[in-house]
Amino acid sequence: MESKSNRIAGKTAGIVRFVMLSVMMLLVSSPRASAGATPLLEALGRTGRTVEQFWGHFAEVTCQESVLQTKLEKSGKIIYQQETQFDYLVMAETSSEDLAVAESRQVKRQTGKEKDLPLLVTNGFSMMMLVFHPFYQGSFEFSPPADDVFDGKPVLRIDFQHLKGKRSPSVLQLRGRNYPLDWKGTAWIDPQTWSIRRIVAGLAEPMVDIGLRMLHCDVQYAPIHFSTSAEIYWLPRVAEIEAETLRQHWRNVHRFSDYRRFSTDVKEQQKDQP
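From a predicted model like this one, the values you see are computed outputs, not experimental measurements.

(A) Local environment of the packing of aromatic side chains. A complete count under the given rule lists six aromatic pairs for this structure. Both rings, one in F58 and one in Y88, keep their centres 6.1 Å apart while their planes meet at 40°; by these two values the pair is tilted. With F58 in helix α1 (residues 40-58) and Y88 in strand β4 (residues 78-94), this pair connects stretches of sequence that are 30 residues apart. Classification of F58 by relative accessible area gives buried; the value is 2%. The class of Y88 is buried, set by a relative accessible area of 1%.

In structure tokens:
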């Protein structure tokens, strides 16, 4: 049950590659929950069904993706930046035993002069919402939902952490070997729609043996309205990924905009052509 979705790769001879093999996450115990909190199983069930809808929605659309790649000094000072804009779409395939993800990017424009510097290539983090997909929930331990606020609105907060011995949601590929990554973090869920508003995750512990000191992601989703559908699509808005080794420090920011539906918008555009 592997989903080849999230990848981070270095652009130099010493390639560092992170691959999202499957989207499975865990939720750890939360310190507080309100007296009237939603039971965990209900929250997971409702959120899981919404994520299944997301899975179908995301595969129906195309959008513009802007990726800002940044190389940093240890102090956090910017050494170099490069921004690239893409036509972006996701191709999804599901079966009873697998959930496969493939991303397609066509370069539209690039700014920043090419330099012989190691930049990260990060893929798949727009789909971090899939950690709540029913296909993968059995691989994680979830905290009871707790009341919180996000963007000024009430939400449910659920913390997560990878279970030892379970299949990891992602691996680091280094010199031909795969190193499973242990994630822990937090998700914020809209209790009205059961859509995930934000997911923040990082390594539970540094991977000192291979020099990976830090890997962190912060992904936010937003409601998207289409004129051809009354249904609201919750889709990625921004994904920020930061990674640090003993000698390198990077930050990538992905922004998604100008969503269009394949099934309607594209066909209508074709009809309008002379």
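More follows now that the structure is in view.
(B) Main features of the confidence of the model for the protein. Of all residues in the protein, 76% attain a pLDDT of 70 or more, and the chain-wide mean is 79. Looking across the protein, the model is least confident in strand β2 (residues 17-19), with a mean pLDDT of 42, and most confident in strand β8 (residues 146-150), with 96. Confidence drops under pLDDT 50 across residues 7-36; counting only partners more than four residues distant or on other chains, this segment forms 133 contacts.

(C) Spatial organisation of unusual backbone geometry. At W194, a residue that is not glycine, the phi angle is positive and equals roughly 60°. The topology assignment puts W194 in the loop between β12 (183-189) and β13 (196-203). Of the residues examined, W194 reaches a relative accessible area of 10% and is grouped as buried.

(D) How the structure looks around the nonpolar core. Counting residues in hydrophobic clusters, the biggest one holds 54 residues, and the most contacted among them are F58, F132 and Y259. Counting residues per element, this core draws most heavily on strand β14 (residues 212-226), which supplies seven residues. In contact with F58, not counting residues within four places along its chain, are Y88, V90, S126, M127, L235, P236 and Y259.

(E) Inspection of the pairing of β12 at higher detail. Here β12 lies mainly inside the structure; six of its seven residues are buried. Bridge count for strand β9 (residues 153-162) against β12 is six bridges, and the pairing is antiparallel. Paired with L156 across the strands is I189, a residue of β12. With seven bridges joining them, β12 and β13 adopt antiparallel strand pairing. Within the sheet, the bridge partner assigned to G185 lies in β13 and is A201. In sequence, β12 turns back onto β13 through a hairpin of six residues, with W194 there showing a positive phi of about 60°.

(F) Here's a closer look at the pattern of salt bridges. This model, assessed by the stated rule, comprises 11 salt bridges. Among the ionic pairs, E103 bridges to R105, the shortest N-O distance being 3.3 Å. Close ionic contact of D218 with R198 constitutes a salt bridge, the shortest N to O distance being 2.6 Å. Of the two residues, D218 is situated in strand β14 and R198 in strand β13; the sequence distance between them amounts to 20 residues. For R198, a relative accessible area of 22% gives the class partly exposed. Each of the salt bridges in this network shares a partner with another, and the network as a whole consists of E65, E103 and R105.

Calculation criteria
Residues numbered from 1 in each chain as written. Predicted model: local features only at pLDDT ≥ 70, side-chain atom pairs only at ≥ 80, totals over all residues. Heavy atoms only, no water. Phe/Tyr/Trp six-rings, centres within 6.5 Å; stacked < 30°, edge-to-face > 60°. Helix = DSSP H or I, 4+ residues; strand = E, 2+ residues; numbered from the N terminus. Buried < 20%, exposed > 50% of the residue type's maximum accessible area, 1.4 Å probe, protein only. pLDDT = per-residue confidence, 0-100. Contact = heavy atoms within 4.5 Å. Core = buried A, V, L, I, M, F, W, Y, C linked by side-chain atoms within 4.5 Å. Pairing = 2+ DSSP bridges. Salt bridge = Lys/Arg side-chain N within 4 Å of Asp/Glu carboxyl O.

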